[in-house]
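# Notes for the structure review
Here is what each chain is made of, one letter per residue.
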Amino acid sequence: MDLFEYMSSQTKEKEAPLAGRMRPRTLDEVVGQQHIIGKDKLLYRAIKADKLGSVIFYGPPGTGKTTLAKVIANTTSARFAQINATTAGKKDMEAVVNEAKQQYGMYQKKTILFVDEIHRFNKAQQDYLLPFVEDGTVTLIGATTENPYFEVNGALLSRSHIFELKILETEDIRSLLVTAISDVERGMGSYHAKITDEALDFLADMAQGDARTALNALELGVLTTSPEEDGTIVISLEVAEECIQRRAMKYDKDGDNHYDTISAFIKSMRGSDADAALYYLAKMLTAGESVTFISRRIMICACEDVGMADPNAIQVAVACAQAVERIGMPEAQIILAEAVNYVATAPKSNASYLAIGKAMETVQKQRVKSVPNHLKDSHYKGAAKLGHGEGYAYAHDYPDHYVKQQYLPDELIGTVFYEPTELGYEKQVRQYMDKIRRE
């Protein structure tokens with residue numbers, strides 16, 4: 001590095017965003033994630049001993065994936081290389097691998113390769129890295145916001161330890177903000193700024209565990225707030241509210257938050273908690289989730305979890321699905337809310353769901369000879385001559401429109417698939433079925 005490159009790097013570091021400047025340099029400076037970097041944990045011991053194998057850091061933005069990679073870079077004796085999967089191509093990877101081979105061949109110096117956003121690599125790019133990870137040419141550190149079990153090749157996963165990073169606790173964020181506003185060397189200390197407890201609590205809570213969001217808001221507040229007469233910059237609650245006007249939404253329509261939120265939504269309706277179901281509905285709508293997708297889940301829940309306890313639930317759900325497609329947002333949120341409330345507060349029965357499951361299993365596992373002869377169609381050519389339909393009793397010719405006769409195949413006589421509950425309308429169904437079964 002020549003003098004001009006050195007001066008450029010120093011200037012760039014000083015002018016970097018607060019979140020970048022405050023990035024921890026050692027393990028002891030890292031806040032949170034004690035479940036993986038506590039002093040008795042594998043990752044902590046491996047980093048301290050400089051014996052780290054290939055790892056993949058997985059978690060939401062702002063939780064410290066890149067931070068941990070930088071800490072490793074500062075502590076390891078190995079050569080550290082970094083590429084970003086959103087911009088790197090095969091030539092970039094070839095250059096890193098060739099340099100790693102030279103370093104090891106000439107100096108027996110190992111190379112740690114940090115791949116940020118590794119889920120952005122396609123299968124071919126991931127396959128290219130595999131043999132070099134396997135033979136130890138490079139030790140891989142991957143960082144991803146996506147579930148690696150979905151996005152990273154199984155072969156790479158099997159050669160890596162996977163560490164899941166959690167969103168930071170509110171107290172962790174609060175601690176970071178206090179340090180950042182007072183740190184003269186890397187933080188905002190030279191601005192003589194201070195923050196009220198209300199503003200501190202607000203920013204820490206609004207960040208929803210994302211340290212970068214909180215630090216960006218703090219920096220914006222300090223840089224845009226006029227000093228008091230004594231030269232002090234005060235970050236009040238009003239200033240904080242202007243700097244972070246809404247919660248950072250933790251929701252990726254293709255990732256874990258998508259599946260976790262829709263799972264919580266369905267389980268809340270199933271559990272008859274309309275308030276919780278409405279909260280998750282609002283979260284999905286705020287994140288831009290498809291109203292068609294949401295209405296499909298409501299229809300499924302109406303059949304699977306409400307079922308015959310209230311047969312009107314599916315009618316409401318279907319009407320909702322048709323209405324939201326015709327009307328669209330924002331009015332569609334009212335229609336969805338009504339359907340959610342109906343399904344959540346309806347009596348529940350999964351008897352139909354269990355019944356079809358049992359019937360499907362029986363069909364797949366048990367060999368049945370044929371349909372009973374009296375139930376066969378007698379209208380197609382030659383069927384009557386074969387005796388098909390002979391002996392069939394037409395139910396409407398009998399009192400109460402019911403006549404006892406065999407409907408199941410011979411091998412399944414006496415099998416019960418549908419067992420109605422005693423909830424809602426299904427209680428009447430159960431009483432009727434108990435009556436005819438006794439007969």
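Note that the coordinates shown come from a computational prediction; the quantities given were computed from them, not determined experimentally.

With their axes 11 Å apart at the nearest point, helix 6 (residues 90–107) and helix 7 (residues 123–134) run at an angle of 5 degrees to one another. Classified by the angle between their axes, helix 6 and helix 7 sit roughly parallel to one another. When helix 6 is examined against helix 7, the residues Lys90, Met93, Glu94, Val97 and Lys101 are found in contact with a partner set consisting of Gln125, Tyr128, Leu129 and Phe132. Residue composition of the contact of helix 6 with helix 7, grouped by class: five nonpolar, one polar and three charged.

Turning our attention to the environment of Arg367. Along the chain, Arg367 turns up in the loop between helix 19 (351–365) and helix 20 (426–438). Looking at Arg367, the relative accessible area reads 80%, which means it is exposed. Along the sequence, Arg367 and Glu411 sit 44 residues apart, while their C-alpha atoms lie 8.6 Å from each other.

Taken residue by residue, the chain gives an average pLDDT of 87. The fraction at 70 or more is 92%. Confidence, expressed as mean pLDDT per element, reaches its minimum in the chain at helix 1 (residues 3–14) with 49 and its maximum at helix 18 (residues 332–345) with 95. Per-residue pLDDT stays below 50 along residues 3–10; that stretch engages in two contacts with residues further than four places along the chain or on separate chains.

This part covers a nonpolar patch on the surface. Where nonpolar side chains cluster on the molecular surface, the patch consists of Tyr149, Phe150 and Tyr259 and spans about 420 Å² of accessible area. Secondary-structure assignment places Phe150 in helix 8 (residues 148–151). Look at Phe150 and you get exposed, because its relative accessible area is 58%.

That bond from Met329 to Pro330 is cis: its omega, 5 degrees, falls within 30 degrees of zero. Turning to its location among the elements, Pro330 is positioned in the loop between helix 17 (312–327) and helix 18. Unusually for a residue other than glycine, Gln33 sits at a positive phi of about 60 degrees. Relative to the helices and strands, Gln33 is located in the loop between helix 2 (18–21) and helix 3 (34–37). Overall, Gln33 belongs to the buried group, its relative accessible area being 6%. One non-glycine residue, Glu117, lies in positive phi territory at about 55 degrees.

Each value, and the rule that gives it
- Residues numbered from 1 in each chain as written.
- Predicted model: local features only at pLDDT ≥ 70, side-chain atom pairs only at ≥ 80, totals over all residues.
- Heavy atoms only, no water.
- Axes fitted to C-alpha atoms, helices over the stretch in contact; angles between N-to-C directions.
- Helix = DSSP H or I, 4+ residues; strand = E, 2+ residues; numbered from the N terminus.
- Parallel < 35°, antiparallel > 145°, perpendicular 65-115°, else oblique.
- Contact = heavy atoms within 4.5 Å.
- Nonpolar A, V, L, I, M, F, W, Y, C, P; charged D, E, K, R; others polar.
- Buried < 20%, exposed > 50% of the residue type's maximum accessible area, 1.4 Å probe, protein only.
- pLDDT = per-residue confidence, 0-100.
- Patch = residues over 30% accessible without salt bridge, like charges linked within 9 Å, V, L, I, M, F, W, Y side chains within 5 Å.
- Areas by Shrake-Rupley, 256 points an atom, 1.4 Å probe, with all protein chains shown as cover.
- Salt bridge = Lys/Arg side-chain N within 4 Å of Asp/Glu carboxyl O.

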